[in-house]
Structures are given as structure tokens and as C-alpha cells.
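# Descriptive analysis of the structure
Letter by letter, the chains look like this.
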Protein chains: 4
Amino acid sequence: MFSIAVIGAGYWGPNLIRNFRSNPAWDLVAVCDLDEQRARKVVGSRSTVEVETSVERLLARDDIDAVAIATPARTHAPLALAAFEAGKHVLVEKPLADNAETAALMVSAADAAGKVLMIDHTFCYTSAVQRIRDVIAAGELGEVLYVDSTRINLGLVQPDVDVFWDLAPHDLSILDFILPGGLRPETVTASGADPLGAGKACVGYLTLPLGNGGIAHINVNWLSPTKIRQMVIGGSRRTLVWDDMNPAQRISIHDRGVDLRTQAADAARREAVTVSYRMGDVVVPALKETEALAGVATEFAAAIEAGRAPQTDGRSGLRVLSVLEAASASLASGGPVRTDGATVADRELVA
Amino acid sequence: MFSIAVIGAGYWGPNLIRNFRSNPAWDLVAVCDLDEQRARKVVGSRSTVEVETSVERLLARDDIDAVAIATPARTHAPLALAAFEAGKHVLVEKPLADNAETAALMVSAADAAGKVLMIDHTFCYTSAVQRIRDVIAAGELGEVLYVDSTRINLGLVQPDVDVFWDLAPHDLSILDFILPGGLRPETVTASGADPLGAGKACVGYLTLPLGNGGIAHINVNWLSPTKIRQMVIGGSRRTLVWDDMNPAQRISIHDRGVDLRTQAADAARREAVTVSYRMGDVVVPALKETEALAGVATEFAAAIEAGRAPQTDGRSGLRVLSVLEAASASLASGGPVRTDGATVADRELVA
Amino acid sequence: MFSIAVIGAGYWGPNLIRNFRSNPAWDLVAVCDLDEQRARKVVGSRSTVEVETSVERLLARDDIDAVAIATPARTHAPLALAAFEAGKHVLVEKPLADNAETAALMVSAADAAGKVLMIDHTFCYTSAVQRIRDVIAAGELGEVLYVDSTRINLGLVQPDVDVFWDLAPHDLSILDFILPGGLRPETVTASGADPLGAGKACVGYLTLPLGNGGIAHINVNWLSPTKIRQMVIGGSRRTLVWDDMNPAQRISIHDRGVDLRTQAADAARREAVTVSYRMGDVVVPALKETEALAGVATEFAAAIEAGRAPQTDGRSGLRVLSVLEAASASLASGGPVRTDGATVADRELVA
Amino acid sequence: MFSIAVIGAGYWGPNLIRNFRSNPAWDLVAVCDLDEQRARKVVGSRSTVEVETSVERLLARDDIDAVAIATPARTHAPLALAAFEAGKHVLVEKPLADNAETAALMVSAADAAGKVLMIDHTFCYTSAVQRIRDVIAAGELGEVLYVDSTRINLGLVQPDVDVFWDLAPHDLSILDFILPGGLRPETVTASGADPLGAGKACVGYLTLPLGNGGIAHINVNWLSPTKIRQMVIGGSRRTLVWDDMNPAQRISIHDRGVDLRTQAADAARREAVTVSYRMGDVVVPALKETEALAGVATEFAAAIEAGRAPQTDGRSGLRVLSVLEAASASLASGGPVRTDGATVADRELVA
């Protein structure tokens, strides 16, 4: 069992606190927040979990193995760097940092300290996304030809970030997790709109070419009255549909597709004709309903225990951040933006 | 009652034939197709509807008031021009022509002949789209801020056209029909992918800025195993969702939205907070289930009778075609393309 | 090719007319109705299909092989008996007759004349029901343990019949079609309500014990604002769900169930515990979308051609009618009613 | 703030513990269970909530105002009676007791002690059921004509009780809550099946006549692979559909119905004709997503504070129990069973 403190008792902190409290691999020792009342309220009455208001005091303690950071993005890097200096393992909320440059420093510092840096890409620990990764890795879909992801709902217009930085990290981290080789698009094209005059994009579209002629497209929207969280992953053999709002059938695998050789023959004719495409069965795999954050806590402990990188390590957080920065650049310039810089940073870190 | 002949007994022709046959405003006199056997099969046994194989002979007849053209796109212009010359009214399948230039000639010829030129934008005659237009015109949605349209299914890889030309005409014609002032985007941005190596885009995305800072986005895809036909129309007052695959609830109007004044106040704070956005009721209007094509036939007769332009006239077909041409140009260039040329053509025609 | 006449151009007749007109196995010669105008309107203009107002004249014709009867139920028996006397094959709308006794005469008369008597249990010719029958026959579900059928919508309060006689024939004919051995319940229990004071049950429930300790339950309702057509067929190995309002997924086969041996062990404990029931994958078979009535027409011709009983013959119509009569008796008596009489009648007919 | 102890840390206890812990109206002092390890595990580490193994010691404490009982049904009565004797308020899990006779004793004892007896009919505290009660009370549905409730899923075959006693209490308690005047059927008819040979009904149907010629029907099933929780409440003015598996649209109110006067006119004709029934809009009210059990805890405190009966008091628990006992009697006898005894008991208690 490892001991941990959670830093930040605001929006997401209470979820971390609840999960580390109940996870058998962890002993939640303390909650740290500048606002002592807020921290006390989250800890609740009749509890001996300690409340701290000073990060310095917290990090100076010897009885704490790790910290989970759930503070505003711009504070992630200084807190994580201080934690590594103090010899702690670190779990960070997404995004890893508010820019890729400081995020790269975090990755380097974790390596230098020999400590685990994990990014809380929560969705990657749902049974749905874990299954999707397995299905792709096993070749059941064949080659991934396109990914179409929609994440829209009536959401909070964030004061600090636009809809890309708020919602797209989910889609990007999932893509990074499920695509063999991770998320490494050569270019990023973003378009958006601010029809409310909120001073930032509230509706956004991201287009990422996949290496093989394929394409990934992400649709994020804060203004939709209906909540859609759907990802279609089209492969050369089968296509997978993930509908996260349908608990009875989150994932379905469709044995349907177009046979191009048939098409080629038909192409000789001038008029459109109905080709014989595959229209096979659909399989809905049984999935366990689990809380993803419990999986995050368990993976964090397992990575520390084994001295290995977690499934969502700092580098995956950095790749996601690089795409977000390119998206912002594309939105400003109106055209596709290359992600070389980010990729180079990633490659240098690897080397 | 007007008399009509249908030219082309291929893919769509039989639907026109069935509807003109049963519509009390029409007398279907003849079906014309180069392939006599095909025409006879569609007409069926024990019928006195005539079969013609020569367009010239057909157009020379005095007992025919109008023709409906359901032949390949490249033949629309010559057929329509000959029909106007012969003094017939003309209904044309979408797209109006295979390019905007010849389409403009068709519009001019109809004007010169004083005959009706109608484009069969079938979806515009569904009770759903008619209702959407009424709802927007009545101001129930407020100002339209964004439109997000998805039209994907496992479709036929067409020999002649890409997925934009095959599917997007539906979305574009609907936008032209429901937006006050019609569809007149200043720029068009298209991105697509051909992951099968079919020689043309099979997956495509279109972005059209609306005049007021808003945005319209269209997602078309031939490779999706599931069929989605959904359009979200976000307004400043309410948002309308049209889900055409859900007959029990095709249209829902959501009294939900973000109150920006509330947002402005919150923006002063650094951390994200939950704003009090409207989360009102949803209304699902009762719609009649009717066959849209019956509405097309009825409107064609009504326009001829009244000597007025039909709800979907040649000009709307031309506007749709102009956007499609700009989309193709954008796909080739990789960036936004202005639609001025088309707009000019349209304006000249109007003048 | 056989020649046929349709008798009755009212509610359902036009559907039969349309299908026999377009089916390559049939030549629709005439439509017969007391109301000549109604018949002419259905036949339409520019058609040489004849209109008859006299059944006698119609049946006297030598050029007609078969008749399809779509008149009120009480006229089915006299018309069919006359048709057999005239040497015609007969297709009858459901119900076979307005009582089981005259229905049995129809079955006997068909046998004596050596002609085909087919009942139009349309749903049995949908690809969904055909597949369900195949799945059960192949043993994929194991033994059928329960059937739960719901058929509710805002329907027409019929002047002649209650909701059982209007809607339940669909469920009963489907059960007769898919259950190995057909529908032969020993008892029938019906309960109903007439909350509108319409003078007849508008809401009804039917319970039919299956031979093996299982149960079939049917829920019919004219007053429901939503339309539900769902049948759950629970088997000892798998369970099939048929949701006819979901075209994208009409049938799903669930590899889920309770393992009773596990239960027996748990039963020793006093408190409820979670048992390890099977929670396997779901398979959605690909089905073709076809018009069921086209299948009816084709099967009628095939049965005549081969001199065999059709898939839904007079005996199946008689079994359905027997259950309906028992249901009416149960509704009147308030308790279960045995169906022996009907079963005997059926058995005598067979012998 | 009141102090409380939870008795029983088994299946449902942890949910009560979590809710009383976090509810500002309550101070959770202790958890009592014969199995000390189980209780400690639920309380968790770093907590000062006490663990008790003796109910006697627990009830003897002065610092406890109330107890929540989540033990097997047969122990509810003795525990509650002892608690009232010790001057505590009592919340009991459903069912109130294992038979109506001892349940009536509990109600009397609470009255005599002047303490609150509340039954945890959890569903009644969902925002959906609260809204349904309000809608009916406001007359929006008119008179309730029929209720059709379906509660099926692949469930645990319980060792102690059949499917009626396991699942139907939910439907019955909801009916008791939403129907003006509560649930007071004159007769109960049950039918069930045990196709697995489990020694008890696993599939069950309940029919309850409503006073006005209407009917309530309940469908419960442990063997269904799909989970359905739906209730249709048909009224003379509107019909409400509650689909608890559809969070985006749990409740919809349909302005649809049959106009009987129109029917009466049509009834003069012999053939069925399409009547002009109302086919109005559907309204989906906005509902807050809240945890129902939090509402239970809050209502329990509010009733104690105000010295009033809670919304779900002992009498409602007794009414539900009376119907369940009548259902068991009906299942044994095969016909309708009168509920007079129970009603009398209820009436005597009231007087």
C-alpha cells in the first residue's frame, strides 16, 4: 500500500479523493488546498484524513509516497517539479500543463528523478476504451481508415480555455491510447466559431490525417442541447461504434464494409449501380461497468510498484498537448499546421 | 390536371413514375428511356402508360405539359434546354447540372421560355423540413448560430462523383431551404479522405461560415456501418434537433442555452465554475408522415398552375451547385475557397 | 404465372392489389368490390385491370386461378366456400373467420376441393419472423421458456371487435409460426379494461402457459401514445429480443442467462447474494428489408405450384381463432379457460 | 442535525451509510452488523464512525436519535419494535416486514411511541417520480385510465422470495405514491411461471383494477437479458411515459388520445374506419439528476423535525405489503383475490 495526498479540492479533486480513499492499494493521508474550508468539507466529518494548506509542508513529509494534482493547468508544472524534487510520484489532471514546453520539462524531470509521472486520461480506463484498444491491437478491425468522434453537450463556457482545450483532450487522449503507435498526426486543421461572442471558440472541428491516407475528425461543441459522445472507428475489415450514452450497448462491432474490387468492376459503367458490399452481423461485446477513476488509481499504484511507465504516461500527455497547440495555431492561421516541433520534442525526450 | 412524361427509368425514375401516377394533379402519359425493356418493366403489365425511346418524339408531342428528368447529371442541361424549347415545364433531379455554368443556362432558358424549372430537392418536402423552415421563420429558435449536419451510412461508392457530390446536396439544399435568405456562404472549406484508394473522397467534411459569426458543418461518409441522418440547428433562443432515423421523434425543440451575461460575470474568476444555463423543457412537435415525393409532384403542379416559382426553383439548385464546386476547389487546394463567382452568377440571373 | 382477383378494395385490399400487380408469379386480372367507384380508384387510371361488382360473375370466370379475400371477417367463410366450389385457390385476410366453427368448415372444404387455403398472417413473412423461426428451429435459443409480447399504440377503437381480436392475432399467429409444434396452449387467461366506456376492452393482457412450465404473455393496447412492437423470447440457452420499431436492429440474440446450478448452491445461504450468471455478447444478425406482403404473394403461388400447404395454412388460422375465442370466454368468466374444444377440432381436421 | 446509526452493512446498507455520512442533516454515529469485519470494511479506514455488533448496546445509547434498518425482511419487525421502545425514529428498507400482520404492529408501535416510521421506497424520491406525482395531482393527465409497468432485467434469483416480492414492491410503492388516494385495489390477480424449475416464480404478471374501470398491470421478470424499466400512465387528457433507462428523456407527456364521441358516431358503421384521434405534441420536462437516497435521508430528517409523517410512511409500506400478500394468494389459487383484509387493517389503523 502506498500513501498519497491529493492537491486541489475543487472540481475534480473530490472524485480523486473518493477513489484513493476506497482503493485498497492506497492510503489517502491528506488533502491539500489553499481553501481550508473547502478541503475540510470534502474530507467530511468523522474522518482522520488530514487537511493541509501548504504544498511545501505537504511535500516535506516523509510519510507520503505520491501526490495527485487537481489544480488549474498553469500550476501543474511547478507543483509536479517540486513533487519530483521531493521524491514523490505524481499523477496530474489533464491537460499535463498549459503548454507543451513546460510539459516536456515535467517529463524530463520525472525521468531524472526516476519517479512515475502519470496523466489522468480518465476515459482510457473505462472498460469501453480498454476493449477498443484490445480489439484494434488484435487486428479485428484491420487497418484503421477513419475515426469520427463527436463530443457535444450543453457545457460550461470556460473562462480560461476554448472548446478545443476543454473537450478535445478527451478525444485526443483516447486516440493516443487506442491507435497503434499513438497519436502522431503530421498536420492539424482546426475550424471553429464563436457565435455567442464569448471571445473564444464554442464550436470546433479538428481534422487530423492518419498516416495511411485515413483521417480522424473531432467535433466538439459547448452549445448542443443534446449530449452525444460517440466515436466511429472505421477499419478495413470491420467498423466499431462506441456510443458512450448507451450503457446497454456502448460498443458494437459491425462486419460491414465496401469491397473495392467489386467497385472497380462497376466503375467501368457510367451510371451508379448498387455494389455488393458486405452487410454482416453486428456483435455487441459484454462489458463490465466499472468506475474509470478506480482504474486510474490502481494503474498508478501498479506502475509505481513495478517501476514501469503507466498506460497513460507523461509522454502521452505531451503528445495530446502538442496537437492542442497545433490546433490553436491552425485556428489562428486558417489552414493546416504541421506538428513537427512537438514531434521533435517528443522524439528528443524518447532518445 | 396536367400531363407529364418521366424521362429516365433507372434508379430514381420509378419513384417519380409511381408518384405522378397516383397524384390527382397529374396524368402520367409516358415514360421515356433509351432502354425500352427497362421502361416497360417499370410501367408494368396491364397499363396503358406509353413507353417512348426517343426524347425528340416525346418532346414533339402536344399532349404533354411537363417532363421530369431523372437521367445522369451531365444530360440534365441538354434535355432541359430542349424541353423548354418545346414549351414544356421541367422538373430535374438533383444536382441541377454537372456544373454551375450550364446550370445557369438552364435557369435563364426557363425564364426566357416563361416555364417552370423545379429542382427535386426531395427532403425539402418532408414534413420535418417544412416544419423546420416554419419554426425558424417564426423566430422560435432566434438567430441561427450553428448548424451541424451528419449524413453517413454504408453507401455506394459512386463511379462518377465523390461523397461530397453524392450526399452533401441533400444537406446543402435543406440549408438553402430553411435559412432565411438561403444558402450564401462567403467561403467553403472541405476536407476529405480516400482511405480505400477508390480514387475519390469517401469521407468528407464541409465548413461554411454563416454571415453572423456562426458556422455550418456537414459530415458525409460512405463508409459508416450505421446510418445517421441528424441535423442540429443551434439558435440564440432554442435549439432544434432533427433525427431522421427516429420516426417517433424526428424533431425536438430544446429550450436550452447559455446565458452569456451570466458567463461574463463568471469570466472574472480564474477557475471554471458552473454557470446557470437554461435547462428547460423539450417539445416534440407532432408531424404527419407523408411521402416527400408526393409533395414534390403537388408543388410542381401548383407552381405551373399559379405561374410562380416553386419552393425549390432552379436558383436554389444553382446555389447548391455553386457550393459543391467551391468544395471541390477547396479539397484540391487544401484551404478555404471563396464563392464569389457563383454568387455573382446568381445575382446576374436575378437581375 | 397464375391469375388472381382481389375481393375487397377497402382497408387492406389496396395493399394486396399493389403486391399481386408487381409480383412476377401473378397476373392480377380483376378487383371485385360492391362499391365500383372504390374499386376503380384503387385500380387507377391507365390500367386494364378489370373491375367487378359481382362475386358470382367473378367466380364463374375460367381465367382466374385464385382469389384473395379482404372483406369483413363475417363474410370470409361464405366467400371462401363459394370460391372452393368454383375451383379457386383462396388467400384470406386474418382472422380466418369470425368464429372457429365456420373456420373449420373452410379448412375442410379446402381439403375436399384439393385447393390451397392460405391465411394472410403477414408478419410471418417478414425477414425478422422468418429468422426467428430459423433460430429457434436450429436450437440456438435452447428450449423456449417464456415469450413476452407487447403490441401497443394509439389505435383505432374498432366498431366490431375489441383490442384482443384486433391486435392479438398478430402475436398469436407469430407464436404459432415460430414455436415448434405451433400454438397449442391448454388454457388461456385474459384480463382487460375499458376505461373509456367504449363498450369493449381497449387494454388487454393474455396469458398462455407453454407446455414445459413456460409462459407466453401478450400485452395489447389501443390507448398508448407510443408505439411498441416488441417480443422477448427467453430460451434455456439464449434470449432473443425482437424490436420491430428499430429497423437498424430488429433482432438481437443475447448470450445471457441464469445458471441454476449456481443458484442451487447459493440457495443454501439465507441472504441474497449475487450469482454468476452468464453475461455474454449480443449478436445482431443482418436482415434484409423486404415487404412482407410480397412474401405472402410469393408463398401463395409456390404452394399452389407445389400442391403443398402454405407456411401459414388454414389450420394455423384456425388455431389462432381458437385461442381468441378462449380469450373472449376468459374475459367474460374472469378466470382461465381451457382450449380443448378447439384443439379437438384441430385434431379431427388433421385426422 | 440528528444522529443516526445504520443497522446492517450488507447489500443495501453501504448505500445508506454513504448517504447519511454526506447529508448535512445527519451525523452518522455508528454502523451495526453482526459481522464486525464487514461493518469495518464499509466504514473504511481513517474514519471515526463507530462499529457495533450488538443491537441492544446500540439502542441503549442516548446519543442516537434514529436508526436505519437494512437487514433481512423477517428481522425488520423485531428490530423496529425494539427501536421504538428505545425511543428512536426508524427508517426501514422495503418490504416493511415479511408479512402484513407484523407490519401493522410496527405502524401501531410507531404511533404509540410518537416516533417516525419511514419506509425506504427509494424510487419515490427520484426527480422523475416526484414529477409524475405533481403532474397527476395538477390534473395534467386527467383521470388515470391505465398504468402499464414493466420492470425486467437479468436479475438475481433470490433464495427467499419470488420475483413478485423482489421487484414488484418498486412498482407498487410508486403507484401508491403517485395515485391520488394511494394504492387500494379491490382485487389482485397474479400469474407467473417458473420455467427454470427454481422453485418460485421468475416471471410474473400482476393485474390490479383501478376504481374507475381502469387497470394497472405490472410485468416483472428476472430472466430478461435486456433491462426495461418503463411505466406508461394513460390519462383521460394526456398520457405520461416514464422510461427510466433513458436519462436524456426519462419522462415524456403525450398530448394524444382517443375522442370517444367521434368513436360513437363511427360505431354506427359496420366497417372499421380511421377516427380523428388527437395526435398532439410531446413535452419532455427538464428534470434534475439527483440521487434518490439523498432525498430519503433528507425527508427522514424533515419528518422528524416537523413531527409529521414522511412522504412514504409505514402505512404506505403496509399497503404495498397487503397487495403482495394478495398476489401470492392469487398465484396459489389461480384467480383474483380480494384485498379487503388488508384494507380493513389499514382502515383500522387510520381510525
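The rules behind the values
Residues numbered from 1 in each chain as written. Chains lettered and ligands numbered in written order. Predicted model: local features only at pLDDT ≥ 70, side-chain atom pairs only at ≥ 80, totals over all residues. Heavy atoms only, no water. Phe/Tyr/Trp six-rings, centres within 6.5 Å; stacked < 30°, edge-to-face > 60°. Helix = DSSP H or I, 4+ residues; strand = E, 2+ residues; numbered from the N terminus. Buried < 20%, exposed > 50% of the residue type's maximum accessible area, 1.4 Å probe, protein only. Lys NZ or Arg CZ within 6 Å of the ring centre and 35° of its normal. Domains from an automatic or database assignment. Contact = heavy atoms within 4.5 Å. Buried area = accessible area lost by both parts, 1.4 Å probe. Salt bridge = Lys/Arg side-chain N within 4 Å of Asp/Glu carboxyl O. Polar contact = N/O pair within 3.5 Å; in protein donor to acceptor, adjacent residues only side chain to side chain. Nonpolar A, V, L, I, M, F, W, Y, C, P; charged D, E, K, R; others polar. UniProt positions renumbered as here; feature names shortened; annotations may be inferred. Pairing = 2+ DSSP bridges. Axes fitted to C-alpha atoms, helices over the stretch in contact; angles between N-to-C directions.

### Section: the packing of aromatic side chains
As enumerated under the stated definition, the model contains 24 aromatic pairs over all chains in all. Between D:Tyr125 and D:Phe177, the ring centres sit 6.4 Å apart and the planes meet at 50°, which makes this aromatic pair tilted. Of this pair, D:Tyr125 sits in the loop between strand S6 (117-120) and helix H6 (127-137) while D:Phe177 sits in helix H7 (residues 163-178), and the two are 52 residues apart along the sequence. Taking the relative accessible area as the measure of exposure, D:Tyr125 reaches 6% and is therefore buried. Using a relative accessible area of 7% as the deciding quantity, one classes D:Phe177 as buried. Feature note: the residues A:Phe2, A:Phe20, A:Trp26 and A:Phe300 constitute an aromatic cluster, connected by ring pairs. For C:Arg133, the ring lying beneath its charged end belongs to C:Phe177, and the centroid distance is 4.1 Å.

### Some thoughts on the domain arrangement of chain A
Residues and elements named next belong to chain A. Parsing chain A into structural domains produces domain 1 (2-121 + 292-311) and domain 2 (124-288 + 321-346). Contact with domain 1, which involves 15 residues of that partner, is made by 14 residues of domain 2. Taken together, both faces of the contact between domain 1 and domain 2 bury some 1200 Å²; the carbon and sulfur share is 62%. Of all residues in domain 1, Lys-94, His-121 and Gln-311 bury the most surface against domain 2, accounting for 51% of the area lost on that side. At the surface where domain 1 touches domain 2, the tally comes to zero salt bridges. For the pair domain 1 and domain 2, the interface holds four residue pairs in polar contact (both at pLDDT 80 or more). If you list the elements that add at least two residues to the side of domain 1 that touches domain 2, you get helix H5 (100-113) and helix H9 (292-306). Here the element with the most residues in the side of domain 1 that touches domain 2 is H9; it accounts for four residues. When grouped by side-chain class, the residues that make up the side of domain 1 that touches domain 2 number eight nonpolar, four polar and three charged.

### Regarding the UniProt feature "domain: GFO/IDH/MocA-like oxidoreductase" (unreviewed entry) in chain A
Sequence positions flagged by UniProt for "domain: GFO/IDH/MocA-like oxidoreductase" (unreviewed entry) are, in local numbering, residues 129-240 of chain A. With 22% helix and 42% strand, residues 129-240 of chain A has its two end C-alpha atoms placed 11 Å apart.

### Looking at the sheet that holds strand S2 (residues 26-32) of chain A
Working definition: the strands of a sheet are paired by backbone hydrogen bonds and lie parallel or antiparallel to each other. Residue and element names in this part refer to chain A. Taken in spatial order, the six strands make up an open sheet running S3-S2-S1-S4-S5-S6, and their pairing is parallel. The open sheet terminates on both sides in strands that have one partner only, identified here as strand S3 (50-52) and strand S6 (117-120). On average, each strand axis in the sheet is inclined to that of its neighbour by 25°, with strand direction left out of account. In the sheet, strand S5 (residues 89-93) pairs with S6 via four bridges, with the strands oriented parallel. Residue pairing for S6: Val-92 is matched across the bridge by Ile-119. The strands touched by helix H2 (residues 36-43) are S2 and S3; relative to S3, the strand with the most contacts, the crossing angle is about 160°.

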